[in-house]
Amino acid sequence: MAEADGKAQKDAGRGGGRLCCICQARKPALKRPKTLQQICRECFYAVFEAEIHEVIVENRLFKPGERIAIGASGGKDSTVLAYVLSELNQRHNYGLDLFLLSVDEGITGYRDDSLETVKRNEMQYGLPLKIVSYKDLYGWTMDEIVKMIGMKNNCTFCGVFRRQALDRGAAMLKVDKLATGHNADDIAETVLLNILRGDIARLSRCTSITTGEDGPIPRCKPFKYTYEKEIVIYPLTPISFYYYFSTECIYSPNAYRGFAREFIKDLERIRPRAILDIIRSGENFRISTSTRMPEQGTCERCGYISSQKWCKACVLLEGLNKGLPKLGIGRTRGPNAEPKQDQMPNGSRSMASKQCGTLDF
Amino acid sequence: MSCDASSCQSSNCHRNGDATRPRHALPPVDDLAALCLKCKSARPFSSSSSAVGGGREDDARFCADCFRSNLFGKFRHSVISNAMISPADNVLVAFSGGPASRVALQFVHEMQYKVQRDFDASRDRSLRVFGVGVAFIDESSAYSVPMEEANKVREDIRWIVSSLSPPEKELHIFPLEEIYSNGLNNGKEKLMELLDMAGDATGKEDLLVHLRVLSLQKIATDNGYTRVVLGSCTSKIACHVITATVKGQGYSLPADIQYADARWDVPVVLPLRDCLEQEIDTLCHLESLKTTDLPHKESLSTINTLVSSFVALLQKENPSRESTIVRTAGKLTPFHFNRIPELKDDNVPLATRRRQKRSSLKLNGSLSSESFCPICYGPVNPTAHSLSVENTDQPRCNIFVDSCCLSCRFQILPQDPSQMEHFMELWPQTFVTGPKQQARSLHLSSLREQIQDCLLSDSDNES
């Protein structure tokens, strides 16, 4: 599909010489990261948006009349997603009610800044914004949690809480679906990490564009085939974009996850289509149905979906409130977990390399 | 994995989590701990020569004998539990000169030697001794290696193989250009031209691998072999898992990484699938097994080299990483041909047949795939492929391109469609099957007969 096009266009590009190899009229302004074809600015925006539209239509991500929450962290992915979705919604009459949904983890000097950007976006695109905070939901901010448990393992709390916070926020907004800004690089990286970690269950579902369809609020990834580099290039437009140049989450020491990220970037340098190829591999992996998936129930305490008696968030919260923060950490970890992986949020996070502040599945 | 607590340094031991014990405690000095973990009598070899011990510290605490028998045990287990070699077989060991295939050759030789000894000692002589041959694919022309260096490597190979008798092993030195079996001596030029057509550096490397596999099949069929033994070890397979994923070959990947692969005329088996490269290198070092290598400069920026350095890095950080990768990929559903076809012959001893029954049970849920990519022979995902193969109006090369997997189309086939006709001329004719039969070429149909019982009825959409 898109790849075949890309190849054809690339061939055309070789002979194309000075002109943009899509419109053959204007001077090329950039080399498109996905295909390496030299194209002009206008064609880049057109093709960038057209591809996302195609993904949305082909995968039937949205139905007319649906209320959609966009998980907004203030970072580049979610900011561009919010803009592109609202543009496409108007242009192609999706008939969607769009909302911005942010989670305030309560990290001073990090999240408070990025939330400012989200608020700006709210004004700029006219999308209603809902912020759910850890403090309101759980009575703890991340700052307080870190004070209690230290710099290690705090990503476990953040990851588990964020997942649930997003679902709760989405429920408050009464939306039908949640769109997140995960891009192609993220997904390719998840595929590799799941292979390296031996997580066959996650490997089987990490490439699906919509997840949690049996849960309360399904999530989808309109940027599944969109390259990170193109998301970075996209805002260099006449339209002013504000997004938070997220450095690293101040509580997430960067360790193991850098490996895979670096590797993907190296691959992209040699062969840009490698990212799409990894995703295709992930989609085509045949995983026998005998791999048993955990049964889904509800948490006895809060009613959230859970495979155990209590959901992970309640277990963690109980530990925090009782002053036993180690409770719940490490239980989901396999017996073979390496010390190096301690810094990786386990269990609920499959996007190990996402910055702590970005939104998760 | 739990191990002896007093001296464990291995990072995957759960006792490391115990906070009371200082991490990375040095092995205690008492005598028992300084002895081999298994036999408790000899000294571990690594304490004397720590250079070869490597990162896998479980093994480093074995004495040389126990280390060896442990490694041979893994080989033997995979041979026996997958019915790789039966007494009636004639086994061709693919020997590149490198450590892994050297160890494979050594182990196959030992197995044969033992069987021969039992045979000589037994009275009724009912069980035959399997035959062993060795194949060396000489790729010196593809890498433009100077004549004298190539000759030296061939000499080494001859010497290694001849030192492994009795029983006598036939050595087949097969220059890669001989896949052009038309008897003309322009094979070398044709080969170079074919390789040059693959514009992508990774594609060229892979093309060589495919040609090598085809050559092995050619040697095996021409000389009556019934098995091809490859020396692929865990580390190599782990790299293949990642490279295949990166190249978008996720569908066909499970076909390549099983113990047995019978999509070919002559089934290919991987008895060293559970052995790590490090262990193999250690064994070569311990026993001073001679290895040799065709000198060629590896191009630096290919997917394959990038992946192998990435995997090596991960392995260094965690000594069980390669096994984890292979184990994960091993959970993907294999194909129907990923087992040794059952022998129907009544002459086959009952024990052998029973063993085969047992090993074939494991693949109950396997997929059945009908069409193979004509370049890499990987099974092609039927859902991703249009059925344009049926359309006979198209030019021959379009049909050929359509039947290739997406990965080969990108990295091996010439990007310029006008060159396609020439590429097909250069593709070794022995292996190009008519486009109409492509999906079920002759040898595949014979293969199919043998696996008829495990084909699903809904796979008959081939009219």
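Owing to the predicted nature of the structure, the values given are computational and were not obtained by experimental measurement. (Residues numbered from 1 in each chain as written. Chains lettered and ligands numbered in written order. Predicted model: local features only at pLDDT ≥ 70, side-chain atom pairs only at ≥ 80, totals over all residues. Heavy atoms only, no water.)

1. Focus: the overall build of chain A
Here is step 1 of the chain: Within chain A one finds 13 helices and ten strands.
Here is step 2 of the chain: When contacts within chain A are restricted to residue pairs at least 6 apart in sequence, long-range pairs at least 24 apart make up 71% of them.
Here is step 3 of the chain: Carbon and sulfur atoms make up 51% of the accessible area of chain A, which totals about 15200 Å². (Helix = DSSP H or I, 4+ residues; strand = E, 2+ residues; numbered from the N terminus. Contact = heavy atoms within 4.5 Å. Areas by Shrake-Rupley, 256 points an atom, 1.4 Å probe, with all protein chains shown as cover.)

2. Side note on the sheet that holds strand E4 (residues 97-104) of chain A
Residue and element names in this part refer to chain A.
Here is step 1 of the chain: Read across the sheet, six strands follow the order E5-E4-E3-E6-E8-E7 without closing on themselves; strand pairing throughout is mixed. Here the strands that pair on one side only, and so sit at the sheet edges, are strand E5 (129-133) and strand E7 (210-211).
Here is step 2 of the chain: Alignment of E4 against E5, held across five bridges, turns out to be parallel. Following the sheet pairing, Asp104 is matched in E5 by Ser133.
Here is step 3 of the chain: Packed onto the sheet, helix H3 (residues 76-91) meets strand E3 (67-71), E4 and strand E6 (177-179) and runs at close to 155 degrees relative to E3. (Pairing = 2+ DSSP bridges. Axes fitted to C-alpha atoms, helices over the stretch in contact; angles between N-to-C directions.)

3. A word on the nonpolar core
Here is step 1 of the chain: In this structure, Phe263(A), Leu211(B), Ile242(B), Ile375(B) and Phe423(B) are the most contacted members of the largest nonpolar core, which totals 126 residues.
Here is step 2 of the chain: By size, the runner-up hydrophobic cluster in this structure holds 46 residues, among which are Val91(B), Phe95(B), Leu283(B) and Cys284(B). (Core = buried A, V, L, I, M, F, W, Y, C linked by side-chain atoms within 4.5 Å. Buried < 20%, exposed > 50% of the residue type's maximum accessible area, 1.4 Å probe, protein only.)

4. Description of the packing of aromatic side chains
One pair of aromatic rings is described through two measures. These are the centre distance and the angle between the planes.
All names here are of chain A.
Here is step 1 of the chain: The final tally for this structure, using the stated rule, is 20 aromatic pairs over all chains.
Here is step 2 of the chain: Plain terms: the ring middles of Tyr134 and Tyr138 are 5.7 Å apart, the flat faces sit at 80 degrees to each other, and that makes the pair edge-to-face. With a gap of four residues between them, Tyr134 and Tyr138 both fall in helix H5 (residues 134-138), about one helical turn apart. As far as the burial class goes, Tyr134 and Tyr138 line up, both buried.
Here is step 3 of the chain: Geometrically, the ring pair formed by Phe157 and Phe161 is edge-to-face, given 6.2 Å between the ring centres and 75 degrees between the ring planes. Placement of the pair is Phe157 and Phe161 together in helix H7 (residues 154-173), with a separation of four residues, close to one helical turn. We note that Phe157, like Phe161, is buried.
Here is step 4 of the chain: Taken together, the ring pairs in this structure connect Phe44, Tyr45, Phe48, Tyr83, Tyr125, Phe223 and Tyr234 into an aromatic cluster.
Here is step 5 of the chain: Stacked on the ring of Trp310, the Lys or Arg Arg301 has its end atom at 4.8 Å from the ring centre. (Phe/Tyr/Trp six-rings, centres within 6.5 Å; stacked < 30°, edge-to-face > 60°. Lys NZ or Arg CZ within 6 Å of the ring centre and 35° of its normal.)

5. Looking at the pairing of strand E2 (residues 131-138) of chain B
All names here are of chain B.
Here is step 1 of the chain: Here E2 lies mainly inside the structure; eight of its eight residues are buried.
Here is step 2 of the chain: Of the two faces of E2, the one carrying Gly131, Gly133, Ala135 and Ile137 and the one carrying Val132, Val134, Phe136 and Asp138 are both buried.
Here is step 3 of the chain: With five bridges connecting them, strand E1 (residues 90-94) and E2 associate as parallel partners. Pairing of Leu92 across the sheet is with Gly133, part of E2.
Here is step 4 of the chain: With six bridges connecting them, E2 and strand E3 (residues 170-175) associate as parallel partners. The partner of Gly133 across the bridge, within E3, is Glu170.

6. Notes on the packing of helix H8 (residues 184-197) of chain A against helix H11 (residues 234-246) of chain B
Here is step 1 of the chain: Relative orientation of the contacting elements H8(A) and H11(B) amounts to 165 degrees, with a least axis distance of 11 Å. Put simply, H8(A) runs roughly antiparallel to H11(B). With respect to the hand of their crossing, H8(A) and H11(B) are arranged in right-handed fashion. Of the residues in H11(B), those touching H8(A) at Val191(A), Leu192(A), Ile195(A) and Leu196(A) are Val241(B), Ile242(B) and Thr245(B). (Parallel < 35°, antiparallel > 145°, perpendicular 65-115°, else oblique. Left-handed = near helix turned anticlockwise from the far one by under 90°.)

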